[in-house]
Amino acid sequence: MYRLSNNEINLIHDKLMSSSILNNGIEPEILDHVCCLIEEKCKIGETSFEQALAEAIILVCPNGISEIEVEKSLLLNYKLSTMKKVVFFCGYITATCISLGFMLKALHWEGGWIFMLAGFGILLLYSLLWFSYSLAGFPQKPVNEKVQIVSGAGAGAIIAIGVTFKLLHYPYADILTLIGVVLLVALFFPIFFYRSYEKSVASK
Amino acid sequence: MQHETMNQRELLKGTLGTIILQLLSDNKRLYGYEITQLVKVKSNSVVLIKEGSLYPALHKLEADGFIKSEEVYIGKRVRKYYSLTPPGKKYTKAAILELQNFIETIQSLLIPNLPNNVPA
């Protein structure tokens, strides 16, 4: 029977925990499961430890252990599941309204500003909902993810208020929009795309 | 090589808890990897349980009080063995009966002329 060494177990543990976000008690079992799979593959002698590890990770959690952690939280917490639906539905409505508003405005058709107003109004709600939804397991999240959440939600809310003020000809609209866009461009976008790149590399 | 289809995954979702309970009633205690291997062997590799579904389902059954777990240290690893609780044993019988009735109903809907189908 092939047995993994402590160093190999530590390596698997570090690889799994690098994508952990909730740390909700499912990790030791996943570690044991991945170890069992690797031992099974190495027992046959067809593959090396590194190859078996890569294959086991793809089989068990190709998108990181966070996916299983979230699945567990959703199963045990119905409220979180409902909230997830509301957050994504709000996101969809926001994107649709803003896109339609821009199109109508660009074509100089009637009703563009109504869609823009509705879109940015819901964007404010969406930003706040997304922020409260992302607070699950917040202390355990890596620093760059924390900054991404705060800057993303902050930028969304400030831009939404700024553009709404602009449409309604209220004061401070320009400065609010400027602050929101700077937050989005200088903090949110770089971290978001860098993390997406990291995830894509890690899943290969 | 067997591929799990989207449809199969959806069908399995509602029955996974009952499958786990049945396996635990047949065996004194099991851990996650063992459950996946048992299902694979018993179903001739047709049903492949995804780890992403199995562990959340196990934790849900444990939170509902139908199964209990004990941790065994194997070197640096922790292995969690699951077994049925007394309410779990009772619930397993009811859940299996419910699933069997449901399968029979679906069968009578899909294959109406099957001899075993008795109209309600």
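Here is what the cut-offs are and how they apply
Residues numbered from 1 in each chain as written. Chains lettered and ligands numbered in written order. Predicted model: local features only at pLDDT ≥ 70, side-chain atom pairs only at ≥ 80, totals over all residues. Helix = DSSP H or I, 4+ residues; strand = E, 2+ residues; numbered from the N terminus. Buried ≥ 20, exposed ≤ 12 C-beta atoms within 10 Å, placed from the backbone. Core = buried A, V, L, I, M, F, W, Y, C linked by C-beta atoms within 7 Å. Contact = placed C-beta atoms within 7 Å. Nonpolar A, V, L, I, M, F, W, Y, C, P; charged D, E, K, R; others polar. Pairing = 2+ DSSP bridges.

S.K.: Teacher, can you tell me more about unusual backbone geometry here?
M.R.: Peptide bonds are mostly trans, and most non-glycine residues show a negative phi. All names here are of chain A. Residue H169 is not a glycine yet carries a positive backbone phi of 60°. Structurally, H169 can be placed in the loop between α7 (143-167) and α8 (173-202). Take H169: there are 7 C-beta atoms within 10 Å of it, and that puts it in the exposed class. For Y172, which is not glycine, the phi dihedral falls at a positive 65°.

S.K.: I would appreciate a short explanation of the nonpolar core in the present structure.
M.R.: The nonpolar side chains of a soluble globular protein tend to be buried with one another. Counting 40 residues, the largest nonpolar core has I30, V34, C35, I38 and A56 of chain A together with I20 of chain B as the members making the most contacts within it. Put simply, the parts of the chain that give this core at least two residues each are α1 (6-17), α2 (27-44) and α3 (49-60) of chain A together with α2 (16-26), α3 (32-42), α4 (51-63) and β3 (77-84) of chain B. Among all residues touching A56 of chain A, those that are not within four sequence positions of it are V34, L37 and I38 of chain A.

S.K.: Help me understand the interface of chain A and chain B in this model?
M.R.: Frequently, the measure chosen for interface size is the accessible area that the parts lose on association. Counting from both sides, the interface comprises 19 residues of chain A and, opposite them, 15 residues of chain B. Counting only elements with at least two residues in the side of chain A that touches chain B, the list comes to α1, α2 and α4 (66-76) of chain A. The biggest single contributor to the side of chain A that touches chain B is α2 of chain A, with eight residues. A breakdown of the residues in the side of chain A that touches chain B according to their chemical character gives 12 nonpolar, two polar and five charged.

S.K.: I would appreciate a short explanation of the pairing of β3 of chain B in the present structure.
M.R.: Looking down a regular strand, the side chains alternate between one sheet face and the other. All names here are of chain B. Alignment of strand β1 (residues 30-31) against β3, held across two bridges, turns out to be antiparallel. Note that in β3 the partner of Y31 across the bridge is Y81. The hairpin formed by strand β2 (residues 67-74) and β3 contains two residues between the paired strands, and G75 there has a positive phi angle of roughly 65°.

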